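# Overview (structure and organization)
What follows is the residue order along each chain.
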Amino acid sequence: MDDSKSHVEHSHGYGIYILVWMALMTLTAITVAVAGINFGALTITTALVIAAIKSYLVLQIFMHLRIEQKVFRIFVFVAVLFFVITIVLLFTDYSFM
Amino acid sequence: MSSQEHAAAHVHRDDVGSRMGMWLFLFTEMLLFGGMFFLYSIYRYMNPEAFHVAAKELNTLIGAFNTAILLTSSLTMALSITAIQKNNKSLSLFFQFLTILLALGFMVNKYFEWTAKFHHGIYPGGEELLSRSPGEVLFFGLYYVMTGLHGLHVVIGAVIIAVMMRFTAKGIITQTNYVKLETAGLYWHLVDIIWIFLFPLFYLIT
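We now turn to the structure provided with this report. All values derive from a computational prediction rather than experimental measurement.

What counts and how
Residues numbered from 1 in each chain as written. Chains lettered and ligands numbered in written order. Predicted model: local features only at pLDDT ≥ 70, side-chain atom pairs only at ≥ 80, totals over all residues. Heavy atoms only, no water. Contact = heavy atoms within 4.5 Å. Buried area = accessible area lost by both parts, 1.4 Å probe. Salt bridge = Lys/Arg side-chain N within 4 Å of Asp/Glu carboxyl O. Polar contact = N/O pair within 3.5 Å; in protein donor to acceptor, adjacent residues only side chain to side chain. 1 Å grid on protein atoms, 1.4 Å probe; cavity = no way out; pocket = protein on both sides within 12 Å on 5 of 7 lines; lining within 4 Å. Points joined across faces, edges and corners; volume = space filled by probe spheres on them. Helix = DSSP H or I, 4+ residues; strand = E, 2+ residues; numbered from the N terminus. Nonpolar A, V, L, I, M, F, W, Y, C, P; charged D, E, K, R; others polar. Expected span 1.5 Å × (residues − 1). Buried < 20%, exposed > 50% of the residue type's maximum accessible area, 1.4 Å probe, protein only. Arc of directions from axis to C-beta.

Each partner contributes residues to the interface: chain A has 45 residues there, and chain B has 46 residues. Summing both partners gives a buried area of about 3900 Å² for chain A against chain B, and 80% of it is carried by carbon and sulfur. If you sort the residues of chain A by the area they bury against chain B, A:Tyr14, A:Met63 and A:Phe72 come out on top, with a joint share of 17%. Our enumeration of links across chain A and chain B arrives at 1 salt bridge. Here B:Arg19 makes a salt bridge to A:Glu68, at a shortest N to O gap of 2.7 Å. Counting the contacts that link chain A with chain B gives 4 residue pairs in polar contact (both at pLDDT 80 or more).

Residues and elements named next belong to chain B. One pass over the structure, following the stated rule, counts 1 cavity of 30 Å³ or more. Of the pockets and cavities examined, the largest cavity occupies roughly 70 Å³. Taken together, the elements giving at least two residues each to the lining of the largest cavity come down to α2 (15-46) and α8 (179-203).

What follows covers the layout of surface pockets. What the largest pocket holds in volume is close to 1200 Å³. Lining the largest pocket are 36 residues; nearest its centre among them are A:Ala52, A:Val80, A:Phe83, A:Val84 and B:Phe197. Sorting the residues of the lining of the largest pocket by element identifies α3 (42-62) and α4 (70-95) of chain A together with α2 and α8 of chain B as the ones contributing at least two each. Split by residue class, the lining of the largest pocket holds 29 nonpolar, 4 polar and 3 charged.

We now examine helix α2 (residues 14-35) of chain A. In this model, α2(A) (22 residues) spans 32 Å end to end at C-alpha, consistent with the 32 Å of a helix rising 1.5 Å per residue. For α2(A), the complete set of buried residues consists of A:Ile16, A:Tyr17, A:Val20, A:Leu24, A:Leu27, A:Thr28, A:Thr31 and A:Ala35. With its buried residues spanning 120° around the axis, α2(A) presents them on a single face. In this fold, the buried residues of α2(A) make contact with α3 of chain A together with α4 (60-85) and α8 of chain B.

And the structure:
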């Protein structure tokens, strides 16, 4: 929203937090509702995608990454990237055992 | 007191460094829980049916309720920082207090959840659990270790926020110097993110 202003103040207003909270609660309701339906292999993917969206909102807004210096976003990106690389390698290994 | 204030005016402060320090610590937390998430995913991959059967025994309603509690506690934590930034000390204290209350509510739910399982003999080494398939034993082993370690983080977080309340009340955390509250908040939100993943992985396996 008013990115330049919040950059200076290094803060969010009350409103955006309440909006994000409502989004998080809605996503939780969706993930519970969807869990009852069997999409086969897509079920776990759906659950993880929703969890990832929720984490993204918490990181960006609640944890202030959006208004934080760029180096913080780079650090988090690299940390998550290596986490994903590890799990991909792990599953590649197990799939061929 | 005045000499202390004088000294404090010359103390070097690096808020960005403080927050970076907390983020680096959070990355080590990510490794701590990450290792267990790796273990979980491989065991689930090798025992899909057993994990499905075992997960059915967890109470989805309590899990969803606890998710709502933790998400709301993250909201109150974030609001407490905005309140102190707007120099509203009592509102900030109120939000910090709400955060601690919600953390306690989460732990009370966990207590009832775990005692109900213990009562049915489902705990590591429990007779009922040992009579089941190895996959189910693995599931509950991971369930107790991961939600247990997460619960420990919730308790530590609540204690840290209690200390922050004292700092706020004593005027150590102020409108111009609130980095302690911010870093406590970062820790609290990480605990929330871990639960965001624990909830669907343990309670919502179809």
